[in-house]
Amino acid sequence: MSRLFGSVRARATLAATLVVAVALVAAGTAVLMSLRSNLIGEAGTQAEQSARAVAAELAARTPYDQLSGLDGDDRPVQIVDRDGTLVAASQDLQRIEGTATAEVTPRPSAPDDDDDDDANDSGDSGDDSADSGDSGDSDDDSGASLAPGEIGGGTTFSNGSATIDGDAEDYRFAAVDVGTAGGGRLTVTAGAPLAAEHSAVDTTLTGMLIGLPLLLGVVAGVTWLVTGRALRPVEGIRREMAAITASEDLTRRVPEPATHDEIARLASTTNETLAALEASVERQRRFVADASHELRSPIASLRTQLEVAAAHPELLDLDGAVEDTVRLQRLAADLLLLARLDAGERPADARVDLAAMAREEAAGRTGVTVDAEPVEVTGSRGQLGRVLANLLDNAGRHARERVTVTVRREGARAVLAVADDGEGVAEADRERIFARFVRLDAARSRDDGGAGLGLAIARDVAVRHGGTLTAGTAPAGGALFELRLPLAG
């Protein structure tokens, strides 16, 4: 189970289903409440119409036994007087709840003295109409007296139930006051059945209870299929990456879908990463092979000299042995620095004066002149000194007579330039010379030309310091190397 819900597909399906379920439940609840409210409101309107029809007949002084609303209609009607006494009710009314009184048997009040021969009229009921003000409801004119024959403008609604001729139902009741001839008040309460409301709500609820699971099942199924189709390329990428990891074959690439979405960009970025990793591994392999090749020569030479010296001490070439040892030491130092640079070693944050550094490095070198203005950069004094030393060594090997070092500002950058008056570097080779173990003069001896790491180290150090190192043509026709670094501070 935990593995199932650990997949993006399962979580997306579950989340979508839950969201739709919550939305449907909320919408269904709102629909049911709105439907119930509308139907109850409609039943209340019908009950109010019935109550006002009876009130209108009472206002016209119609006797109780002649009221049309009491003659066997299936809707319950009650008429109570000021004291809450039931003075008239629907025929066959057997039980009622939710109105001002639960009585179902009328007890008519005595006729008014002001009425002559209409004691049984609504004038008599008018004496009893005073009860409507005590109906317990809060209509808007319950505290105001009504003129004879006047029907109150307010209506009080309530829910209840009643039994008529053996049929029990729920009703919406509406109570209306009417003034009587004697200055009293009667309250007419009529009910409208809520059977339609119950039936509609029950039918709607049943439909929702049946349709909701079906709809959720459809949503879950569609989401499962859609997410599965959308994530299929991701699974292909995962399988290919697993195969690459198992085979260690960095020449392989993950499939890139034809779409232009995030997954396609993920596949493209993954392939770019694999290409960069392949290039890095290949670079490391070449580096190890070239380093082994470069180390073999001084080690073999040194071993030969030591073996000869062991057999014939008088033939020991001490100067040659020392020279090979120094060359081997320098090569090891270069390899160690390159390894640190490849590992991402961050340069120090010291402030370095390029003009002072140029004068220090040029001191003691023949034919080197310095034209520098004070310029400070931030970085490693040792690494930047190594860059300048490598550039001066390279220029010294190729210059005829003169090497010039200049330091100047160019906007927000410091520029350190080393120019010689040699043959220069062909334009086609101006980038290749910064590759490791590259020597343009194949006939030049290793002793004179070095291992081909000086310019590669200089370029790497420049990049680590946020700068650039480029090759060009000097004014004297030789090679020009320009180191550009951000100014300090």
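Thresholds applied
- Residues numbered from 1 in each chain as written.
- Predicted model: local features only at pLDDT ≥ 70, side-chain atom pairs only at ≥ 80, totals over all residues.
- Heavy atoms only, no water.
- Helix = DSSP H or I, 4+ residues; strand = E, 2+ residues; numbered from the N terminus.
- Buried < 20%, exposed > 50% of the residue type's maximum accessible area, 1.4 Å probe, protein only.
- Contact = heavy atoms within 4.5 Å.
- Areas by Shrake-Rupley, 256 points an atom, 1.4 Å probe, with all protein chains shown as cover.
- Pairing = 2+ DSSP bridges.
- Axes fitted to C-alpha atoms, helices over the stretch in contact; angles between N-to-C directions.
- Patch = residues over 30% accessible without salt bridge, like charges linked within 9 Å, V, L, I, M, F, W, Y side chains within 5 Å.
- Salt bridge = Lys/Arg side-chain N within 4 Å of Asp/Glu carboxyl O.
- Parallel < 35°, antiparallel > 145°, perpendicular 65-115°, else oblique.
- Left-handed = near helix turned anticlockwise from the far one by under 90°.
- Nonpolar A, V, L, I, M, F, W, Y, C, P; charged D, E, K, R; others polar.
- Expected span 1.5 Å × (residues − 1).
- Lys, Arg positive; Asp, Glu negative; His and termini not counted.
- Charge placed at Lys NZ, Arg CZ, Asp CG, Glu CD.

J.: Explain the overall build of the protein chain to me, please; I cannot follow it from the model alone.
T.: Scanning the protein chain from N- to C-terminus turns up nine helices and 13 strands. Counting the 489 residues in the protein chain, one finds 39% classified as buried. Restricting the contact set of the protein chain to residue pairs at least 6 apart, pairs at least 24 apart contribute 62%. When the accessible surface of the protein chain is split by element, carbon and sulfur atoms take 54% of a total near 26000 Å².

J.: How do you make sense of the sheet that holds strand β12 (residues 468-473) when you look at a structure like this?
T.: Pairing between sheet strands relies on hydrogen bonds along the backbone, with the strands arranged either parallel or antiparallel. Ordered in space as β8-β10-β11-β13-β12, the five strands form an open sheet in which the pairing is mixed. Each edge of the sheet is formed by a strand with only one pairing partner; in this case those strands are β8 (368-372) and β12. Ignoring strand direction, the axes of neighbouring strands in this sheet form an average angle of 15°. Where β12 lies against strand β13 (residues 479-486), six bridges are found, and the strand directions are antiparallel. Bridge pairing in β13 places T468 opposite R484. Taken strand by strand, helix α7 (residues 381-398) contacts β8, β10 (403-410), β11 (413-420), β12 and β13, and its axis lies near 25° from that of β11. Strands in contact with helix α9 (residues 454-464) are β12 and β13; relative to β12, the strand with the most contacts, it is inclined by about 130°.

J.: Honestly, a nonpolar patch on the surface in this entry has me stumped. Any pointers?
T.: There is a patch of nonpolar side chains on the surface, built from L215, V218, V222 and V226 and spanning about 340 Å² of accessible area. Along the chain, the position of V226 falls in helix α3 (residues 195-247). On the accessibility criterion, V226 (51% relative accessible area) is exposed.

J.: Is there a simple way to explain the packing of α3 against helix α4 (residues 262-311) in this structure?
T.: The relative placement of two packed helices comes down to the angle between their axes together with the axis-to-axis distance. The contact between α3 and α4 brings their axes to 10 Å, and the two run at 15°. Comparing their axes, α4 and α3 come out roughly parallel. Where α3 crosses over α4, the two elements pack in a sense that is left-handed. For the pair α3 and α4, the contacting residues are A230, P233, V234, I237, M241 and I244 in the first and I263, A267, T270 and L274 in the second. When the residues that make up the contact of α3 with α4 are grouped by side-chain class, the tally is nine nonpolar, one polar and no charged.

J.: Please clarify how the packing of helix α1 (residues 8-59) against α3 should be interpreted in this entry.
T.: At a closest axis distance of 9 Å, the pairing of α1 and α3 adopts a crossing angle of 160°. It follows from the interaxial angle that α1 and α3 lie roughly antiparallel. By crossing handedness, the relation of α1 to α3 is classed as right-handed. In the contact of α1 with α3, the residues fall into 26 nonpolar, seven polar and three charged.

J.: Where do I start with the sheet that holds strand β6 (residues 185-193) in this structure?
T.: One open sheet accounts for six strands, arranged β2-β1-β6-β5-β4-β3; its pairing is antiparallel. Either end of the sheet is taken by a strand with one partner, and the two such strands are β2 (86-89) and β3 (93-97). Across the sheet, the axes of successive neighbouring strands diverge by a mean angle of 30°, strand direction being ignored. Examined bridge by bridge, β3 and strand β4 (residues 156-164) share four bridges and lie antiparallel to one another.

J.: Please clarify how the side chain of T163 should be interpreted in this entry.
T.: Here T163 is to be found in strand β4. Apart from the residues lying within four places of it in its own chain, the contact partners of T163 are D92, L93, Q94, R95 and A168.

J.: Quick question: what am I supposed to make of helix α5 (residues 318-342) here?
T.: It helps to recall that an α-helix has 3.6 residues per turn; residues three or four apart then point in one direction. Taking 1.5 Å as the rise per residue, α5 with 25 residues should run 36 Å; its terminal C-alpha atoms sit 36 Å apart, in good agreement. Of all the residues in α5, the buried ones are G320, A321, D324, R327, L331, D334, L335, L337, L338 and L341. Of the residues flanking the end of α5, it is G344, one or two places downstream, whose phi is positive at about 85°.

J.: I'm lost on a negative patch on the surface in this one. Help?
T.: Residues D74, D92, D165, D167, E169 and D170 make up a contiguous surface patch of negative charge. Mapped onto the elements, D165 comes out in the loop between β4 and β5 (167-179). Accessibility expressed as a relative area gives 54% for D165, which makes it exposed.

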